[in-house]
Amino acid sequence: MRKIYLLFIFILALGSQGLASPLASVSLVELDLERALSLYRIGDSKNAKEELKFARYHGFKNTGLEAMIKKELSYAHAKEIENHFSRLESMIDSSLSYEALHQESEALLERLYQIAQGLPELEQQGTVKNWHEVVKRIDLALAEALDLYAQNAMKQAISKVQSAYFDIFEESGMEQAILILSEDRKLKAEQRFRSLTDMMKKGESPSRLKNYANEMHQDFSQLAEALTPKELRQNNYSPLPLLECHSLLPWLAITSLLALLSPPISSLLSS
């Protein structure tokens, strides 16, 4: 819809030396919505819904745009955007026409662009931290997910894994920080979450899921070790035994470009 504009945002992002533009965040929402609509158009409602969820978290929440809207404007403005996302989700569930979803998506983007125009730069999210603390939070979330799975609460267990991905792995900035090491390692880390939910859907045994979750812990601990500055690693962090107990915009630029060139990311969390 606005490909040329998105490329402009990408170029602007590279040249702004760390200034986090709200419009760059909106461009991420637009790219993700385009993928959701494309999937819905070919009849893939399930993955379209996952892409919609990704649009909600990837560009709107985890870039700090939602928080900035609440801070600079009002909670009502943020709720207005949330309502658009909720309507889109309900429309997918109700199997409404592609045209109806497209119209609602355009209304969401138009309003979001209007709101973003008057916002100051987003507060930058630091990428230098003790990533072992983030791994600990992921461990706890996955432990809760496996407890739910053992209680036959599969839907809640899968939701908890997805929350670990969106609300911890991505929101903390770890996903983008791994990109410093390599894109392959970033994709492998993302795939770990999808594989765990796939195993749940297939009804794998709790013991096998526990072993896989421990493999995830080992992978993420290695990544945390590689990413965490030496000074921060000396805080006597002890990795939690699973189930036994400098700037945002450069990354927006990278993810915007990858979004333009890459296939849908909805397969990360659904089969």
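Residues numbered from 1 in each chain as written. Predicted model: local features only at pLDDT ≥ 70, side-chain atom pairs only at ≥ 80, totals over all residues. Heavy atoms only, no water.

Draft legend 1. Geometry of the overall build of the chain. Helix and strand content of the chain: 13 helices and zero strands. In the chain, the succession of α and β elements from N to C terminus is α-α-α-α-α-α-α-α-α-α-α-α-α. The proportion of buried residues among the 271 residues of the chain is 51%. Of the roughly 12900 Å² of accessible surface on the chain, a fraction of 52% belongs to carbon and sulfur atoms. (Helix = DSSP H or I, 4+ residues; strand = E, 2+ residues; numbered from the N terminus. Buried < 20%, exposed > 50% of the residue type's maximum accessible area, 1.4 Å probe, protein only. Areas by Shrake-Rupley, 256 points an atom, 1.4 Å probe, with all protein chains shown as cover.)

Draft legend 2. The arrangement of the nonpolar core in detail. In terms of nonpolar packing, the biggest core is built from 34 residues, with Ile 138, Phe 169, Met 174, Phe 193, Leu 196, Met 200 and Phe 220 touching the most fellow members. For this core, the secondary structure elements donating two or more residues are α7 (131-150), α8 (154-170), α9 (174-178), α10 (183-201) and α11 (206-227). Broken down by element, this core gets its largest block of residues, nine residues, from α7. Apart from residues no more than four positions distant in its own chain, Ile 138 is found in contact with Ile 168, Phe 169, Met 174 and Phe 193. Core analysis: the next-biggest nonpolar cluster, separate from the first, contains 29 residues, Tyr 40, Ile 81, Ile 92 and Leu 108 among them. (Core = buried A, V, L, I, M, F, W, Y, C linked by side-chain atoms within 4.5 Å. Contact = heavy atoms within 4.5 Å.)

Draft legend 3. Unusual backbone geometry, seen in detail. Of note, Ser 95 is a non-glycine position whose phi angle comes to about 55°, a positive value. For Ser 95, the position within the fold is in the loop between α5 (75-93) and α6 (98-117). Take Ser 95: its relative accessible area is 57%, and that puts it in the exposed class.

Draft legend 4. Highlighting the side chain of Glu 82. With respect to the secondary-structure elements, Glu 82 resides in helix α5. Beyond its immediate chain neighbours, meaning those up to four positions away, Glu 82 contacts Arg 56, Phe 60, Lys 61 and Glu 66.

Draft legend 5. Structural context of the packing of aromatic side chains. According to the stated counting rule, one finds seven aromatic pairs in the structure shown. Here the aromatic rings of Phe 60 and Phe 85 are separated by 5.9 Å at their centres, their planes lie at 40°, and the arrangement is tilted. One end of the pair, Phe 60, is in helix α3 (residues 45-61); the other, Phe 85, is in helix α5, with 25 residues separating them in the sequence. Taken together, the ring pairs connect Tyr 165, Phe 166, Phe 169, Phe 193 and Phe 220 into an aromatic cluster. Stacked on the ring of Tyr 98, the Lys or Arg Arg 41 has its end atom at 4.4 Å from the ring centre. (Phe/Tyr/Trp six-rings, centres within 6.5 Å; stacked < 30°, edge-to-face > 60°. Lys NZ or Arg CZ within 6 Å of the ring centre and 35° of its normal.)

Draft legend 6. Here's a closer look at the confidence of the model for the chain. Of the residues in the chain, 73% reach a pLDDT of 70 or more, and the chain-wide mean stands at 79. The model gives residues 1-19 a pLDDT under 50, and that stretch makes 38 contacts with residues more than four places away or in other chains. Low pLDDT, under 50, characterises residues 264-269; the predicted model gives this stretch 25 contacts beyond four residues in sequence or across chains. (pLDDT = per-residue confidence, 0-100.)

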